[in-house]
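Coordinates in review
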Amino acid sequence: CQEMIFEGLDYYAQVFVNGALAGESRDSYVPAAFNVKGLLKKGRNEIAVRITAGAEFIQGSVSKDHLRTYFYRDRRAMNNFRGQIRKPVYSWGWDWVESLPNIGIWRPARLESRSGAALHDVRLDTVLDGKDVFIDAEIVVENLHLWSERRVAVILKLVSPQGRATTHEFVSDIQVGRTPLRARIKIPEPQLWWPNGMGGQPLYDVSVVVKVKNKVTDLRRFRYGLRTVGVDQSPLPGGRRFCVRVNGTDVFCKGGNWVPADAIPARVNAEKYRRLVQEAKKANYTMLRVWGGGIYEDDCFYEACDEAGILVFQDFMFACSDYAGTDFGFRAQVRAETEAAVMRLRHHACIALWCGSNENISWLP
């Protein structure tokens, strides 16, 4: 298995390897992966990416002759069209930014080569049971062999901030395709993660190793906070509550709205993310809402929120636009985008809520 992975392509991209088309992408929000096995050759290879801003895919009453003018200069004229392509809607301009549609490779790219078995997904959920704390782990392993099962060992390790390790090993014969492996693991002397002002933010170092015939075939590392998050919506006279609870305790959410920190997001580095999040912490914020007209932010942003104890109210990327909700192709694209975004971000302790959209209302005939 050989894949060329682009973390961010904005917007319509065609990827060529040694002159052959490897595939295309029409989604700025999530990574695009292209199977390049058989296209690579020994020695030097040429990879070319052709990218457009996406104006050619916008349909409607705006004529082709005037599309470029509208695309770059008249944001109000674009309000009825910006929902047609999966590109950040702030590109057309908003009350905080001028119209500046980005074009390009705006996040890192890499080549991955794997064999034997690989990690498809790692999901960890914290469970509180009295004074005991458990991890419900689900690790999805993909057997890359075309026709036969493989014996696979998966080693999950969590290391506390003080260096105490908790290890669990799965050994299983897995069929061709993807197989979920599940276990409940008790954490000794657990340290809970809390929002800013309510306690500390201890983070465990997590590693997941896949082995076939005692050879490492895949590896994933990230940090994880032991915490539970829920929303209390119990009935009240004339309505109901909407209260975020962390580790069973009500949180008084104080915070603000997060939009992209620059009209050109590729210019925002880890230092800027951390500085802005630290400013929120010093202002006694407990939550930031990532606005649905922007982007799924870089991992650096969520890591900074993990460390600062800032909860994240995460919108999916829909805002103030008409979307083709009855188009099955569009729905399939959104489903794949949503799965990719959730799988990338859900291990962060800061993620508290997922919201469908920003100010998006549908009227039915």
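Up top you'll find the structure we're talking about.
The rules behind the values
- Residues numbered from 1 in each chain as written.
- Predicted model: local features only at pLDDT ≥ 70, side-chain atom pairs only at ≥ 80, totals over all residues.
- Heavy atoms only, no water.
- Helix = DSSP H or I, 4+ residues; strand = E, 2+ residues; numbered from the N terminus.
- Contact = heavy atoms within 4.5 Å.
- Pairing = 2+ DSSP bridges.
- Buried < 20%, exposed > 50% of the residue type's maximum accessible area, 1.4 Å probe, protein only.
- Polar contact = N/O pair within 3.5 Å; in protein donor to acceptor, adjacent residues only side chain to side chain.
- Axes fitted to C-alpha atoms, helices over the stretch in contact; angles between N-to-C directions.
- Core = buried A, V, L, I, M, F, W, Y, C linked by side-chain atoms within 4.5 Å.
- Lys, Arg positive; Asp, Glu negative; His and termini not counted.
- Salt bridge = Lys/Arg side-chain N within 4 Å of Asp/Glu carboxyl O.
- Phe/Tyr/Trp six-rings, centres within 6.5 Å; stacked < 30°, edge-to-face > 60°.
- Lys NZ or Arg CZ within 6 Å of the ring centre and 35° of its normal.

**Some details on the environment of Val-334**
With respect to the secondary-structure elements, Val-334 resides in helix H5 (residues 328-345). In this structure, the C-alpha to C-alpha distance between Val-334 and Asp-27, residues 307 residues apart in sequence, is 9.3 Å. If we ignore the near neighbours within four places in the chain, the residues touching Val-334 are Arg-86 and Phe-318.

**What about the pairing of strand E11 (residues 150-159)?**
Where E11 lies against strand E12 (residues 165-174), ten bridges are found, and the strand directions are antiparallel. Bridging from a neighbouring strand, Val-152 pairs with Ser-172 of E12. Pairing of E11 with strand E14 (residues 204-212) involves eight bridges; the strand directions are antiparallel. Bridge pairing in E14 links Val-154 to Val-210.

**Section: helix H4 (residues 299-308)**
Residues that lie three or four places apart on an α-helix share one face, since the helix turns once every 3.6 residues. Among the ten residues in H4, seven count as buried, and that is most of the element. Taken together, the buried positions of H4 are occupied by Cys-300, Phe-301, Tyr-302, Ala-304, Cys-305, Asp-306 and Ala-308. Taken together, the buried residues of H4 touch strand E21 (255-258), helix H3 (270-282), strand E22 (287-290), strand E23 (311-315), H5 and strand E24 (351-355). Between the side-chain oxygen at the start of H4 and the backbone nitrogen of Cys-300 there is a gap of 2.9 Å, and the oxygen is on Asp-298. Just downstream of H4 lies Gly-309, where phi reads positive at about 75°.

**Quick look at the sheet that holds strand E8 (residues 109-113)**
Taken in spatial order, the three strands of this open sheet run E5-E1-E8, and their pairing is antiparallel. A strand with exactly one partner marks an edge of an open sheet, and here the two such strands are strand E5 (32-35) and E8. Mean inter-strand twist for the sheet, computed between neighbouring axes without regard to direction, equals 20°. Both strand E1 (residues 2-6) and E8 contribute to a ladder of five bridges, which runs antiparallel. Bridge pairing links Gln-2 to Ser-113 in E8.

**So, the nonpolar core**
Of all hydrophobic cores here, the largest spans 42 residues; its most connected members are Val-277, Leu-288, Tyr-296, Phe-301, Tyr-302, Cys-305 and Val-312. Breaking this core down by element, the ones donating at least two residues are H3, E22, H4 and H5. When residues in this core are grouped by element, the largest group, six residues, is from H4. Once residues within four sequence positions are removed from consideration, Val-277 is found in contact with Phe-301, Ala-304, Cys-305, Ala-308 and Ile-310.

**Digging into the sheet that holds strand E4 (residues 20-25)**
Read from one edge to the other, the open sheet built from three strands follows the order E4-E3-E6, with strand pairing classed as antiparallel. Each end of this open sheet is capped by a strand with a single partner; those strands are E4 and strand E6 (47-52). Each strand axis lies, on average, 20° off the axis of its neighbour in the sheet, ignoring direction. Two strands pair when backbone bridges link them, and strand E3 (residues 12-17) and E6 are joined in this way by six bridges, in the antiparallel orientation. Residue pairing in the sheet places Phe-16 in a bridge with Ala-48 of E6.

**Looking at the side chain of Arg-227**
Following the sequence through the fold, Arg-227 ends up in the loop between strand E15 (215-224) and strand E16 (229-232). We note that Arg-227 is buried and unpaired, the nearest opposite charge coming from Asp-125 at a distance of 6.6 Å. From its side chain, Arg-227 meets the backbone oxygen of His-348 in a polar contact 3.4 Å long. Ignoring sequence-local partners within four residues, the contact set of Arg-227 consists of Thr-126, Trp-193, Val-246, Asn-247, His-348, Ala-349 and Ile-351.

**A closer look at the side chain of Asp-306**
If you trace the backbone, Asp-306 turns up in helix H4. Not counting the four nearest positions on each side in its chain, Asp-306 is found in contact with Trp-193, Gln-201, Leu-203, His-348, Ala-349 and Cys-350.

**Concerning the packing of aromatic side chains**
On inspection of all chains with the given rule, the structure shows twelve aromatic pairs. Pairing Tyr-273 with Phe-301 gives two aromatic rings, centres 6.0 Å apart and planes at 55°, and the pair type is tilted. Residue Tyr-273 is found in helix H3, and its partner Phe-301 is found in helix H4; the two are separated by 28 residues along the sequence. Classification of Tyr-273 by relative accessible area gives buried; the value is 3%. Ring geometry for Phe-316 against Trp-354: centres 5.1 Å apart, planes inclined by 25°, an arrangement best described as stacked. Separated by 38 residues along the polypeptide, Phe-316 in the loop between E23 and H5 and Trp-354 in strand E24 bring together distant segments of the chain. Of the residues examined, Phe-316 reaches a relative accessible area of 15% and is grouped as buried. Lying over the aromatic face of Tyr-12, Arg-26 brings its terminal NZ or CZ to 5.1 Å of the ring centre. Cation over ring: Arg-184 sits above Phe-134, and NZ or CZ is 5.8 Å from the ring centre.

**As for unusual backbone geometry**
The omega torsion across Asp-10 and Tyr-11 is 5°, close enough to zero to call that bond cis. Counting through the fold element by element, Tyr-11 comes out in the loop between strand E2 (9-10) and E3. The phi dihedral of Glu-189 falls on the positive side, at around 45°, and the residue is not glycine. By the element assignment, Glu-189 lies in the loop between strand E13 (177-186) and E14. Judged by its relative accessible area of 62%, Glu-189 is exposed.

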